[in-house]
Amino acid sequence: MLTFQRFALGALQTNAYVVVNEDRTRAVIIDPGTADGALMRKLDGLKVEAILLTHAHFDHIGGVDQLRKKYGCPVYLHPAERDWLTDAGKNGSARWADVTPPIATEPAEHELADGQKLELIGTTFEVRHTPGHSPGSVGFLVGDLLFAGDALFRRSVGRTDLPGGNQEQLSRSIREKLYTLPDDTLVLPGHGPETTIGEERRENPYVR
């Protein structure tokens, strides 16, 4: 079966995930906020097939350049944020000088679409477009695992006061794209601890 490991990286403790296939030979990286040493050690001996981005805010992309060059792997991102990787103003790093240096890298090699199914490391990653925190926010559903980015947290939701954010849109995304999943779906968010869809449907005070 697939395994995954979470790494809380950078000044904002952004969750990066390394998902590894059953025979421990291939991996996918989700939201590498930095190219942290522990994350790099986890990748030793593995073929990295892709970097998947739930969105392109600076705290989720800081390790993209180094990891892409080291492993020769493509990057996937929703086209609503096509130019955020190349523009430190749009990804927010230019505005948060006390937290990060400006971040800019090459564009993503592949674009994501709602409902798209990516065949990687011998399994299917289903894309769910969940705008509201940012225009190109997506989640990745892998079996009963949901890598939710900054849309849905344990008892919270993503902030919507940044450029391109929209509270009504985020609530609709959560209700229509996430709360429709089975109760036991494990939610692996962009920050903080994991939760389940059932718990959030019952207990989340922001979207009921």
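Refer to the structure presented above.
The shown structure was predicted, so the numbers you read here are calculated from the model rather than taken from an experiment. (Residues numbered from 1 in each chain as written. Predicted model: local features only at pLDDT ≥ 70, side-chain atom pairs only at ≥ 80, totals over all residues. Heavy atoms only, no water.)

*Asks:* A description of the overall build of the protein should follow, citing residues and the corresponding values.
*Replies:* Each helix and strand counted, the protein has five helices and 14 strands in total. The C-alpha radius of gyration of the protein comes to 16 Å, within 12% of the 17 Å expected for a compact globule of 208 residues. Based on the C-alpha atoms only, the size of the protein along its principal axes is roughly 45 × 40 × 25 Å. Out of the 208 residues belonging to the protein, those deemed buried represent 52%. Within the protein, counting contacts between residues at least 6 apart in sequence, those at least 24 apart form 56% of the total. Carbon and sulfur atoms form 48% of the exposed surface of the protein, whose accessible area is close to 8900 Å². Measuring between centres, the 23 positive side-chain charges of the protein sit 1 Å from its 29 negative side-chain charges. (Helix = DSSP H or I, 4+ residues; strand = E, 2+ residues; numbered from the N terminus. Rg over C-alpha atoms; globule rule 2.2 N^0.38 Å. Buried < 20%, exposed > 50% of the residue type's maximum accessible area, 1.4 Å probe, protein only. Contact = heavy atoms within 4.5 Å. Areas by Shrake-Rupley, 256 points an atom, 1.4 Å probe, with all protein chains shown as cover. Lys, Arg positive; Asp, Glu negative; His and termini not counted. Charge placed at Lys NZ, Arg CZ, Asp CG, Glu CD.)

*Asks:* I'd like a rundown of unusual backbone geometry, residues and numbers included.
*Replies:* Phi is positive for glutamine 13, close to 50°, though the residue is something other than glycine. Owing to a relative accessible area of 43%, glutamine 13 belongs among the partly exposed residues under this scheme. We note that arginine 155 has phi near 60°; this positive angle belongs to a residue other than glycine. With respect to the helices, strands and loops of the structure, arginine 155 is situated in the loop between strand 11 (152-153) and strand 12 (156-157). Taking relative accessible area as the criterion, arginine 155 reaches 26% and is therefore assigned partly exposed.

*Asks:* I'd like a description of the environment of aspartate 87, backed by residues and values.
*Replies:* Mapped onto the secondary structure, aspartate 87 falls in the loop between strand 5 (75-77) and strand 6 (110-111). Note on aspartate 87: relative accessible area 29%, which makes it partly exposed. Aspartate 87 sits 71 residues away from glycine 158 along the chain, and the two C-alpha atoms are 22 Å apart.

*Asks:* Run through the nonpolar core, naming residues and quoting values.
*Replies:* For soluble globular proteins, nonpolar side chains are generally found buried alongside one another. One finds Leu39, Leu43, Ile51 and Leu53 to be the most contacted residues of the largest nonpolar core, which totals 25 residues. Listing elements by their share of this core, those giving two or more residues are strand 1 (3-9), strand 2 (14-20), strand 3 (26-30), helix 1 (37-42), strand 4 (47-52), helix 2 (58-61), helix 3 (64-71) and strand 5. Sorting elements by how many residues they give to this core places strand 2 first, with three residues. Filtering out sequence-adjacent residues up to four positions away, leucine 39 remains in contact with Phe7, Leu9, Ala16, Val18, Thr34 and Leu67. Counting 20 residues, the second largest nonpolar core, distinct from the first, contains Ala50, Val138, Phe140 and Leu186. (Core = buried A, V, L, I, M, F, W, Y, C linked by side-chain atoms within 4.5 Å.)

*Asks:* Could you give an account of the pattern of salt bridges, naming the residues involved and the relevant values?
*Replies:* With the rule as written, the count across this model stands at twelve salt bridges. Arginine 172 is the partner of glutamate 168 in a salt bridge, and the nearest nitrogen-oxygen pair spans 3.9 Å. Taken together, the positions of glutamate 168 and arginine 172, both in helix 4 (residues 167-178) and four residues apart, correspond to about one turn of that helix. Shared partners join several salt bridges into a network, and the residues in it are Arg155, Glu199 and Glu200. (Salt bridge = Lys/Arg side-chain N within 4 Å of Asp/Glu carboxyl O.)

*Asks:* Would you mind going over the side chain of glutamate 126 in detail, with residue names and values included?
*Replies:* Along the polypeptide, glutamate 126 turns up in strand 8 (residues 123-129). Within the local environment of glutamate 126, its side chain forms a polar contact with the side chain of arginine 128, the two groups lying 3.3 Å apart. (Polar contact = N/O pair within 3.5 Å; in protein donor to acceptor, adjacent residues only side chain to side chain.)

*Asks:* Would you mind going over the sheet that holds strand 6 in detail, with residue names and values included?
*Replies:* Ordered in space as 1-2-3-4-5-6, the six strands form an open sheet in which the pairing is mixed. Each edge of the open sheet carries a strand with a single partner, namely strand 1 and strand 6. Relative to strand 4, helix 3 is tilted by about 150°, and along the sheet it contacts strand 3, strand 4 and strand 5. (Pairing = 2+ DSSP bridges. Axes fitted to C-alpha atoms, helices over the stretch in contact; angles between N-to-C directions.)

*Asks:* Before we move on, can you summarise the packing of aromatic side chains with the specific residues and values?
*Replies:* Counting across every chain of the model gives four aromatic pairs. Geometrically, the ring pair formed by phenylalanine 4 and phenylalanine 147 is edge-to-face, given 6.2 Å between the ring centres and 90° between the ring planes. Taken as a pair, phenylalanine 4 in strand 1 and phenylalanine 147 in strand 10 (residues 145-149) lie far apart in primary sequence, 143 residues in all. Overall, the relative accessible area of 1% leaves phenylalanine 147 in the buried class. An aromatic cluster of at least three residues, connected via ring pairs, comprises Phe4, Tyr17 and Phe147. Over the ring of tyrosine 71 we find lysine 70; its NZ or CZ atom is 5.5 Å from the centre of that ring. (Phe/Tyr/Trp six-rings, centres within 6.5 Å; stacked < 30°, edge-to-face > 60°. Lys NZ or Arg CZ within 6 Å of the ring centre and 35° of its normal.)

Geometric descriptors of this kind do not, in isolation, establish any biological role.
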